[in-house]
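# Tertiary structure, described
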Amino acid sequence: MTDLQNTFSTPNIDVECREVGLRDGLQILQTIFPTDEKLAWIQAEVACGMPEVEVCSFVPPKLLPQFADAADVVEGALKTSGTLISALTPNLRGAQTGFKLGIQKLNYVTSVSVSHNQSNVRRTPDESVADFETIVAERNELPEDQRPILAVGLATTFGCTIEGRVDPKAALELGEKFIKAGVDELVVADTVGYGNPAEVKAVMSEFVQEFGSQVPIANHFHDTRGLGMANVFAALEAGIRRFDASLAGLGGCPYAPNASGNIVMDDLVFLLEGAGLRTGVDLDQLVAIREIVARNLPDEPLYGMYAKAGAPKGFRTASQAA
Ligand code: ZN
């Protein structure tokens, strides 16, 4: 493993957690989360030490009314400090919105599965790479202190609801194209929760071997079939030190009713701290944020075993144990 995998925006941590609940969690919900409550959630994440919060997606409000307030949310979030404020963009237009708002990091997404990319953004993966090249060029024209970090999410790496199994070679080849295009970070995503730990360990070891000396590599797992945390541990063994997760496992899949969403942030922090890996996140403060989600989404199921059971007797976080 290279130093690049252990270099973080936040000091004194061993693993970087990134909260994606405000984006991945909220995007499929019909209930609109009020803007000031989104900001309260973001501020609470910042206060508990979360290294990165993905606050919205830059898509037309007609497509996703949940993000009609993206400009206000980003503007409010950028008033905080100590946490990287990021947003998802599916295309150049969204990236340009992010540039204007002064977003600190953009998470651009392309599916490894051709059919999934076509249905999601109406382009082939290669067309998405070309679009990304333009985003990099436009970013590089900005004054140096205003250039956001450009990450790319490789969606459906571990399988796709349309194509089924996805060849890991296709994911590695697509990753290579984005490296050549100048990406700052690769996020390897199990978008629909098809991955299993054995496969995750094998594929992520290849990613670290191929690209680990060039860019940081992250994982984005969904817990759709209950293997989310096991997949995290497999990725840790492969050398991955960055994970997306969502508070209370908010989210889900529009095509799989009752399927849980992203891996649960609270359980992820519990797993990591218990394994002696410092996250910089205050676990008790993090669990308390669930109240903000609960009061705004009274009809949504909230996931998470740690919040339900509490800390084991005598439990010490990695920092407390050091
Ligand atoms: Zn996701």
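Preceding this section is the structure that the text describes.
I will try to describe carefully the structure that is included in this document.

What follows deals with the packing of aromatic side chains. Taken as a whole and judged by the stated rule, the model has eight aromatic pairs. Between Tyr 108 and Phe 132, the ring centres sit 5.3 Å apart and the planes meet at 40 degrees, which makes this aromatic pair tilted. One end of the pair, Tyr 108, is in strand 4 (residues 105-111); the other, Phe 132, is in helix 6 (residues 125-141), and 24 residues separate them in sequence. In textbook terms, an aromatic cluster arises when at least three aromatic residues are bridged by ring pairs, as seen for Tyr 108, Phe 132 and Phe 178.

Here the focus is the coordination of the zinc ion. At this site the zinc ion is bound by Asp 24 (OD), His 220 (NE2) and His 222 (NE2), with donor distances of 2.0 to 2.1 Å. Each donor residue of the zinc ion belongs to the same chain, with the gaps between them written as D-x195-H-x1-H. Highlighted residues: Asp 24 in helix 1 (residues 21-25) and His 222 in the loop between strand 7 (217-221) and helix 9 (228-237), separated in sequence by 198 residues. The residues Asp 24 and His 222 share a single accessibility class, namely buried.

This part covers the nonpolar core. Ranked by internal contacts, the top residues of the largest apolar core, which has 86 residues, are Trp 41, Ile 42, Phe 178, Met 204, Phe 207 and Leu 286. Excluding residues within four positions of it along the chain, Phe 178 makes contact with Tyr 108, Thr 110, Ser 128, Val 129, Phe 132, Val 152, Leu 154, Val 183 and Leu 186.

Between side chains of opposite charge, a pair can form as their charged atoms come close. Summed over the entire model, instances satisfying the criterion amount to 19 salt bridges. Across the pair Glu 176 and Lys 180 runs a salt bridge whose closest N-O atoms are separated by 4.0 Å. Remark: Lys 180 and Glu 176 occur in helix 7 (residues 168-181); sequence separation between them is four residues, near one turn of the helix. When salt bridges that share partners are traced, they join Glu 16, Arg 18, Glu 52, Lys 105, Glu 185, Arg 242 and Asp 244 into one network.

Structurally, the position occupied by Thr 83 is in the loop between helix 3 (70-77) and strand 3 (84-89). We classify Thr 83 as buried; its relative accessible area is 6%.

Looking now at unusual backbone geometry. Phi at Arg 122 takes a positive value of approximately 55 degrees, unusual for a residue other than glycine. Position of Arg 122 relative to the elements: it lies in the loop between helix 5 (114-121) and helix 6. For Thr 156, which is not a glycine, the phi torsion comes out positive at approximately 60 degrees. Secondary-structure assignment places Thr 156 in the loop between strand 5 (149-155) and helix 7.

Now for the sheet that holds strand 7. Backbone-to-backbone hydrogen bonds pair the strands of a sheet. The strands run either parallel or antiparallel. Strand order around the closed barrel formed by eight strands is 1-2-3-4-5-6-7-8, with parallel pairing between neighbours. On average, each strand axis in the sheet is inclined to that of its neighbour by 25 degrees, with strand direction left out of account. Sheet analysis places strand 7 next to strand 8 (residues 242-245), joined by two bridges and oriented parallel. Directly across from His 220, in strand 8, lies its bridge partner Asp 244. Contacts from helix 2 (residues 35-47) reach strand 1 (16-19), strand 2 (52-57) and strand 3, with the element oriented near 160 degrees to strand 2. Its contacts with the sheet put helix 6 on strand 4 and strand 5, and the angle it makes with strand 4 is roughly 165 degrees.

Rules used throughout
Residues numbered from 1 in each chain as written. Predicted model: local features only at pLDDT ≥ 70, side-chain atom pairs only at ≥ 80, totals over all residues. Heavy atoms only, no water. Phe/Tyr/Trp six-rings, centres within 6.5 Å; stacked < 30°, edge-to-face > 60°. Helix = DSSP H or I, 4+ residues; strand = E, 2+ residues; numbered from the N terminus. Donors = N, O, S within 2.8 Å, 3.2 Å for Na, K, Ca; no water. Buried < 20%, exposed > 50% of the residue type's maximum accessible area, 1.4 Å probe, protein only. Core = buried A, V, L, I, M, F, W, Y, C linked by side-chain atoms within 4.5 Å. Contact = heavy atoms within 4.5 Å. Salt bridge = Lys/Arg side-chain N within 4 Å of Asp/Glu carboxyl O. Pairing = 2+ DSSP bridges. Axes fitted to C-alpha atoms, helices over the stretch in contact; angles between N-to-C directions.

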